[in-house]
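Structure assessment
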Amino acid sequence: MDQLKRHIKILMDLGFEEIFLDKEIEIMDIKEKEKLIVEMNREIQSCTKCDLYESRTQAVIGEGNLNAKLMFVGEAPGGDEDKQGRPFVGRAGKLLTKLIEAAGYRREDFYIANICKCRPPGNRTPTPWEMEQCFPYLQKQIEIINPKVLCLLGATAARAFLNRNVAITKERGSLINWEGRILYLTYHPAYVLRNPNAEITLFEDIKKAIELSQH
Ligand code: URA
């Protein structure tokens, strides 16, 4: 970072007024990213912006490769996630992990997060207001991690980004430009557990999202 600051100062001394950053360029080193995520986690663990803090065991910030070019985004922690403090570790998470591994990768290769960091009681869908309160945390995480592709798992995650209702069976597979990044819409693994015929589609979507993030 110091080196980058010195470089920018030299450019300014030379009369440059604007610098166009390529999203491919990693401007933060991993230590700095770690520090920011640890700070954010501290903030999230004591967050009381919405009512979900009352019933949580702990907030679940997310986990994975802080330099990942692909981030999976789900809805909110469930019971297992709330207990363990890790995203996607219950039945739906096991399916997600299985499909990532079947594609030839490990879940640690990517970053996995949720729209809401705290478990809604009884695993109900988070309300629009709860999602709105929590979304800035995810936005900050996205800035820090700087993924090229955000693979949105299910209609709720898609709704949070697009600010409209999403019929996921109609819109899955869509690629949408969002603040210079690619949103890739697909099914939530919990939906696939209830509709096993959709597993092959989720698998193909995961492979496509991985491929998009690499080019
Ligand atoms: N469902 C989600 O949306 N997120 C999790 O972390 C677990 C289940």
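Residues numbered from 1 in each chain as written. Predicted model: local features only at pLDDT ≥ 70, side-chain atom pairs only at ≥ 80, totals over all residues. Heavy atoms only, no water.

1. A look at a nonpolar patch on the surface
A contiguous nonpolar surface patch, about 330 Å² in accessible area, is contributed by Ile10, Leu14 and Phe16. Within the fold, isoleucine 10 resides in helix α1 (residues 2-13). (Patch = residues over 30% accessible without salt bridge, like charges linked within 9 Å, V, L, I, M, F, W, Y side chains within 5 Å. Areas by Shrake-Rupley, 256 points an atom, 1.4 Å probe, with all protein chains shown as cover. Salt bridge = Lys/Arg side-chain N within 4 Å of Asp/Glu carboxyl O. Helix = DSSP H or I, 4+ residues; strand = E, 2+ residues; numbered from the N terminus.)

2. With respect to the site of the ligand
In the vicinity of the ligand, the residues found are Gly74, Glu75, Ala76, Glu81, Pro87, Phe88, Asn114 and His188. Within the backbone of phenylalanine 88, an N or O atom sits 2.9 Å from an oxygen atom of the ligand. Separating an oxygen atom of the ligand from a side-chain N or O atom of histidine 188 is a distance of 2.8 Å. When isolated, the ligand has an accessible area of 230 Å², and the protein chains bury 91% of it. Among the residues making up the shell around the ligand, the classes are represented as 3 nonpolar, 3 polar and 2 charged. (Near = heavy atom within 4 Å. Polar contact = N/O pair within 3.5 Å; in protein donor to acceptor, adjacent residues only side chain to side chain. Nonpolar A, V, L, I, M, F, W, Y, C, P; charged D, E, K, R; others polar.)

3. Overview of empty space enclosed by the protein
Enumeration over the complete set of coordinates arrives at 1 cavity of 30 Å³ or more. One number sums up the size of the largest cavity: a volume of about 110 Å³. In this structure, the largest cavity is lined by 14 residues; those nearest its centre are Cys47, Cys50, Cys118, Cys134 and Tyr137. Ranked by residue count, the leading element in the lining of the largest cavity is helix α5 (residues 128-145), at 4 residues. Considering only residue class, the lining of the largest cavity consists of 9 nonpolar, 1 polar and 4 charged. (1 Å grid on protein atoms, 1.4 Å probe; cavity = no way out; pocket = protein on both sides within 12 Å on 5 of 7 lines; lining within 4 Å. Points joined across faces, edges and corners; volume = space filled by probe spheres on them.)

4. Let's talk about the layout of surface pockets
Approximately 630 Å³ is the volume attributed to the largest pocket. At the level of elements, α3 (79-84), α4 (91-102), α6 (155-162) and α8 (189-194) are the ones that each hand at least two residues to the lining of the largest pocket. When residues of the lining of the largest pocket are assigned to their parent elements, the largest contribution, 4 residues, is made by α8. In terms of residue class, the lining of the largest pocket is built from 13 nonpolar, 10 polar and 6 charged.

5. Focus: the packing of α5 against α6
One can describe the packing of α5 onto α6 by two numbers: an axis separation of 11 Å at closest approach and a directional angle of 85°. Comparing their axes, α6 and α5 come out roughly perpendicular. For the pair α5 and α6, contact is made by Met131, Phe135, Leu138 and Ile142 and by Thr156, Ala160 and Phe161, respectively. (Axes fitted to C-alpha atoms, helices over the stretch in contact; angles between N-to-C directions. Parallel < 35°, antiparallel > 145°, perpendicular 65-115°, else oblique. Contact = heavy atoms within 4.5 Å.)

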